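Descriptive analysis of the structure
Spelled out, the chains give:
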Amino acid sequence: MTIRADEHAAPRLDDDPDAATGDLLRHAADLAIDYREGLPDRRVGIAPGLTVDDLRARLGGPLPVDGTDPRVVIDELADGVDPGLVAMSGPRYFGFVIGGSVPAALAADWLTSAWDQNVGLYIGTPAASVVEEVVADWLLELFGLPAGTTVGFVSGATMANFTAMAAARHAVLRGAGWDVEDQGLQGAPQVRVVCGQDVHVSLVNAVRYVGLGRGRLERMPVDDEGRMDPDALAGALRGRDEPTIVCAQVGEVSTGAFDALDRIVPIVREHPNAWLHIDGAFGLWAAASPRLRHLVRGIDGADSWGTDAHKWLNVPYDAGIVFVRDGAAHRAAMGMAAAYLPPAPGQERDPFEYVPEMSRRARAFPIYAAIRSLGTTGIAEMVERDCDLAMRMARRLANHPHVRIVNEVVLNQVLVAVGDAETTRAVVDRIQSDGVLWLGGTTFHGTPALRISVSGWSSREDDADRSVDAILAAVDAVRAERASG
């Protein structure tokens, strides 16, 4: 796609800047609507045979010297990326615990881009600040977290965990008489970080980012589902008084299992200077369901929590959320001050006090729209329906003589063993090439497996059944090829 510099000349910058904006945005909206309406029938993976060189040829080229008409730019961008898009928002995408985007959240996200607010100070954008405040209160009530907990809107689970770890580091070192924000970590008391053996990599990265060292993590044994052993944790903490951060999880990334918070919370609370963080990237949403809420019993006893709204609230990227019980520690770890940054005049919320970024997108607008459009009943129904679909898929898959369900399906995760590592990789490749659905592979406690994550608002029973048929067809085809080879 090579275009001469003068072939589609762009308007000059001194022309009327708004003259064609409306037409361009309506055209972009038409392209977006066409894409969304085609998702149910679109192949889920990339176009067959597509290579990175193909995409480079479609999208690359020398740095433009002269501008190009914006409509041409948008048309050629949409055409160029189309074969390389994966239908993550569609009803048969079951990879990486990625939800779609409910209509109200998507529409609000478009408005968020149009409004183009830099959410740092209340005085800079009062509306965005107040929407964050409203959404924060709604989420605390939805999850059953303590009143007064402070909330930050970040990019995803990694930054939610990072923010929580920074607040935890501040609090436990403050308890040891050390101001880490002022004095740093050189010469500071040692901080223990204790977690389960199957801790998620985002939490490991968060510990690394705050300077506590991933190699210093103390990993507790776990059971067959990846749940941390509370007795081992009790033994590790007994008789110790160092500043300590304990990291539990709700929704193990492969099995969906939940640490026993009702046992872990009392153990941590007995420690004289300990902080309990909950990594709930998708599992925290079980708290929004009356049917599943028992899985997070005791969660209100923690000190911080992290989750993703782009996983199970089905809000467009990016939409991570961090909750911190100790607001002073939260603000101390994240806040900043400068002469040109006027603080909120009264009790208003300055959003930058709760997140790592000074400049960022108004992430709360789409979350607000999703919660209002669904209500607590709709959120619960969405979560429960996905869990029911995961169980439906597991039951059908288990009937095949060469398939074994590895995990106890308690949430939306299904691990499917189909043979050795080579067979599993071949089945994954065939499924992704066929394009009926998308899933990935993993290895859990030494067992190669297909990994199914049902997180989308638009997935229905026929999508689950069609996907199971495609999975079993891939299993049979790979076994036949291996037998004949």
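Everything discussed here concerns the structure shown above.
Now for a quick tour of the structure. (Residues numbered from 1 in each chain as written. Predicted model: local features only at pLDDT ≥ 70, side-chain atom pairs only at ≥ 80, totals over all residues. Heavy atoms only, no water.)

Focus on the sheet that holds strand 6 (residues 304–308)
Spelled out, the test is: Between any two strands, pairing holds if DSSP finds at least two bridges. A run of H or I in DSSP becomes a helix once it reaches four residues, and a run of E becomes a strand once it reaches two; helices and strands are each numbered from the N terminus. Think of each axis as a best-fit line through the C-alpha atoms, taken over the contacting stretch in the case of a helix, with angles from 0 to 180 degrees between the N-to-C directions.
Taken in spatial order, the seven strands make up an open sheet running 1-7-6-5-4-2-3, and their pairing is mixed. The strands lining the two open edges of the sheet, one partner per strand, are strand 1 (150–154) and strand 3 (218–220). Taken pair by pair, the neighbouring strands of this sheet meet at an average axis angle of 20 degrees, ignoring direction. Where strand 4 (residues 244–249) meets strand 5 (residues 274–279), six bridges bridge the pair, whose relative direction is parallel. Bridging across to strand 5, C247 finds its partner in H277.

Examining the side chain of D303
For clarity, the cut-off: Type-normalised accessible area, obtained with a 1.4 Å probe on protein chains alone, sets the label of each residue: buried when under 20%, exposed when over 50%, and partly exposed for intermediate values. By the criterion applied in these results, polar contacts are pairs of N or O atoms within 3.5 Å in which, for protein atoms, one can donate a hydrogen and the other can accept it, and in which residues neighboring in sequence qualify only through two side-chain atoms. Whether two residues are in contact is decided by their heavy atoms: any pair within 4.5 Å suffices.
Here D303 lies in the loop between strand 5 and strand 6. Residue D303 is classed as buried on the basis of its relative accessible area, which comes to 11%. Of the polar contacts made by the side chain of D303, one reaches the side chain of R269; its length is 2.8 Å. Discounting residues that sit within four places of it in the chain, D303 has contacts with R269, A274, W275, L276, F323, V324 and R325.

A word on the nonpolar core
How we decide: Only buried residues count toward a nonpolar core. Its members are Ala, Val, Leu, Ile, Met, Phe, Trp, Tyr and Cys residues joined through side-chain atoms within 4.5 Å.
Ranked by size, the top nonpolar core spans 64 residues in total, and within it L139, W285, F323 and I367 carry the most contacts. Leave out the neighbours within four places in its chain, and W285 touches L139, L142, F143, T307, D308, A309, W312, L313, I379 and V383. Counting 34 residues, the second-largest nonpolar core is a separate cluster that includes F162, A167, L173 and A206.

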